[in-house]
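Fold and geometry: a report
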Amino acid sequence: MPNTVILGAQWGDEGKGKVIDIYAAKADYIVRYQGGNNAGHTVVIGGEEFILHLIPSGILHKGKICIIGNGVVVDPKALLEEIETISKKGISVDGRLLISDQAHVIFPYHRKLDELKEGKHGKIGTTKRGIGPCYADKVARSGIRMADLLDDKVFRIKLKDNLDEKNEILSKIYDAPAFSFDAIYAEYTAYASKIRKYITDTGHILNEAIKKRKNVMFEGAQGTLLDVDHGTYPFVTSSNATAGGACTGTGVGPNKIDKVIGVVKAYTTRVGEGPFPTEFGPDLMDRIRKKGKEFGATTGRPRRCGWFDSLVVKHSVEVNGMDEVVVTKLDVLDDLESIKICTAYKFEGRTYDRFPANLRAMEGCQPVYEELPGWKSDTTQVTSYIKLPANAKRYLNRIQKILDKKIVLISVGCDRKQTFARTQPAKL
Ligand code: GDP
Ligand code: IMO
Ligand code: MG
């Protein structure tokens, strides 16, 4: 398998966990390159559900090395809980989980500031996991990295400096209680002793592996439209979920990456605030949310649902240099009479056929739709492309044509088995 980035092409929750798990069978290393435990990646194997937040979704395949890259922000408490949860299900990470010594650490003050900022200022609808404040410290050059956590002398100084600043912000801006140095120091040195064995120079390990022709899979979290540069800013997360993030977030050069695969949901969802031109009205919202079980894998919040937006995905194809597409959750559209695809936005007399950076246009636009007939039959038991109903093929072909990218895999249910290749180019 070539070294491949697999990432979300919309606003997250496209089914990356499922798709990564499938491709992971052929990889040697699976590496997360950004985000943190704001992610929730679901893998279902024989009816058993695993939700991964920080640990790469390849962990369910025995013998695969799973890496948390330098671009990830790690909450050690959440990580240890996740290790325990999966170990109770018989999955051991020992000897095959590695964490970058350059990854930044999430502290309780990050979580608190995330929560307070959401309450006080314009809402983003974050997961309140402390992701934004931790990345803010990283960029402000005051963050604490895994390597610092392991060095008691450095950790004491950095934690004290951070608390001096954060406690002042907490009391003066938010009128909130201060954090105690002793309590955090004790909590985090205990975490350090537990996770020390995983922490290493993962960039070097990955580059050496690539030299030996091992295969690396780069696991994106969130989605392209949540990318801090290429998404619907400011309604985004604080990292680069796009393909470029795979290099900066792992220490692997771009010339070592062979392929980018985008995971595309057959419709659109988003969690949290922000513009969503193709969002359904209440009836369809309720129907698709129920059928697609569209509730957040991390926070349990109901996801907002809407029609397939080709401006969003075309933008995603472009900024990621996407080579191939995997379409998920086709089965969720099984019952519909007809299905819409948004092909343009209209705003203040102008027609947009490309995704606009101007949020006012995105928020106020009228979507232009084309309508295709539904297939009104159950696809969850379909095992090959050829057996899909004609109108389902027609829908996929239309998406492929609009995106000008090959659809290589189709998913019609949450289980590993409910997936098939699109080997047969259908003519309709
Ligand atoms: P991720 O964040 O991109 O990994 O996606 P999530 O795990 O947050 O959300 C995707 C949800 O859809 C999960 O509950 C999956 O089990 C489920 N899922 C994935 N693919 C399919 C599919 O083809 N059909 C259906 N019905 N569910 C799917
Ligand atoms: P996966 O990897 C969907 C959204 C939040 C919020 C915004 C910022 O499972 O696809 P943050 O806590 O990151 O500062 O929140 O980003 N968000 C996600 N939405 N899937 C995710 O991850 C998300 N991670 C963050 O809802 O709108
Ligand atoms: Mg998710």
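A brief report on the enclosed structure follows. Keep in mind the model is a prediction, meaning the values are calculated, not measured.

**Notes on the site of ligand 1**
Close contacts around ligand 1 come from 18 residues, with Lys16, Gly17, Thr42, Asp331 and Ser411 the closest. Here an oxygen atom of ligand 1 sits 3.1 Å away from a polar atom, N or O, in the main chain of Glu14. A distance of 2.5 Å separates an oxygen atom of ligand 1 from a polar side-chain atom of Thr42. When residues of the shell around ligand 1 are traced back to their parent elements, those giving at least two are helix 1 (16-24) and strand 3 (41-45). When residues in the shell around ligand 1 are grouped by element, the largest group, three residues, is from helix 1. Its residues assigned to classes, the shell around ligand 1 comprises four nonpolar, seven polar and seven charged.

**Re the coordination of the magnesium ion (ligand 3)**
Protein coordination at the magnesium ion (ligand 3): the donors are Asp13 (OD) and Gly40 (O), at 2.0 to 2.2 Å from the metal. Of this pair, Asp13 sits in the loop between strand 1 (4-8) and helix 1 while Gly40 is found in the loop between strand 2 (29-32) and strand 3, placing the two residues 27 residues apart along the sequence. Note on Asp13: relative accessible area 22%, which makes it partly exposed.

**Quick word on the sheet that holds strand 11 (residues 259-265)**
Read across the sheet, ten strands follow the order 9-7-5-2-10-1-11-15-19-20 without closing on themselves; strand pairing throughout is mixed. Two strands lie at the open edges of the sheet, namely strand 9 (199-200) and strand 20 (419-421), each paired on one side alone. Across the sheet, helix 1 is in contact with strand 1, strand 2, strand 10 (216-219), strand 11, strand 15 (324-328), strand 19 (406-411) and strand 20; its angle to strand 1 comes to roughly 165 degrees.

**A look at the site of ligand 2**
Looking at ligand 2, there are 20 residues lining it, with Lys16, His41, Thr127, Gln222 and Thr237 nearest. Between an oxygen atom of ligand 2 and a side-chain N or O atom of Asn38, the distance comes to 2.9 Å. In the model, an oxygen atom of ligand 2 is placed 2.7 Å from a nitrogen or oxygen of the His41 side chain. Here the residues of the shell around ligand 2 are counted per class, giving seven nonpolar, ten polar and three charged.

**Considering the pattern of salt bridges**
Where charged atoms from two side chains of opposite charge approach closely, those side chains can pair. Scanning the model with the defined rule gives 26 salt bridges in all. A salt bridge links Asp286 to Lys290, with the nearest nitrogen and oxygen atoms 3.1 Å apart. One end of the pair is Asp286 and the other is Lys290, both in helix 10 (residues 282-291) and four residues apart, which spans about a single turn. Lys290 gets classed as exposed once you look at its relative accessible area, which sits at 59%. As a salt-bridge pair, Glu294 and Lys329 come within 3.0 Å of each other at their nearest N and O atoms. Of this pair, Glu294 sits in the loop between helix 10 and strand 13 (304-306) while Lys329 sits in the loop between strand 15 and strand 16 (338-347), and the two are 35 residues apart along the sequence. Each of the salt bridges in this network shares a partner with another, and the network as a whole consists of Asp13, Lys265, Glu294, Arg303 and Lys329.

**Considerations on the nonpolar core**
Residues Phe218, Leu330, Leu333 and Tyr395 are the most contacted members of the largest nonpolar core, which totals 68 residues. Mapped onto the domain boundaries, this core takes at least three residues apiece from domain 1 (4-99 + 199-260) and domain 3 (264-421). Excluding its chain neighbours within four sequence positions, the residues that come into contact with Tyr395 are Ala266, Phe308, Leu330, Leu333, Ile339, Ile341, Leu372 and Trp375. Counting residues in each nonpolar core, the second largest holds 51 residues, with Ile91, Ile99, Val105 and Leu149 among its members.

Conventions used here
Residues numbered from 1 in each chain as written. Chains lettered and ligands numbered in written order. Predicted model: local features only at pLDDT ≥ 70, side-chain atom pairs only at ≥ 80, totals over all residues. Heavy atoms only, no water. Near = heavy atom within 4 Å. Polar contact = N/O pair within 3.5 Å; in protein donor to acceptor, adjacent residues only side chain to side chain. Helix = DSSP H or I, 4+ residues; strand = E, 2+ residues; numbered from the N terminus. Nonpolar A, V, L, I, M, F, W, Y, C, P; charged D, E, K, R; others polar. Donors = N, O, S within 2.8 Å, 3.2 Å for Na, K, Ca; no water. Buried < 20%, exposed > 50% of the residue type's maximum accessible area, 1.4 Å probe, protein only. Pairing = 2+ DSSP bridges. Contact = heavy atoms within 4.5 Å. Axes fitted to C-alpha atoms, helices over the stretch in contact; angles between N-to-C directions. Salt bridge = Lys/Arg side-chain N within 4 Å of Asp/Glu carboxyl O. Core = buried A, V, L, I, M, F, W, Y, C linked by side-chain atoms within 4.5 Å. Domains from an automatic or database assignment.

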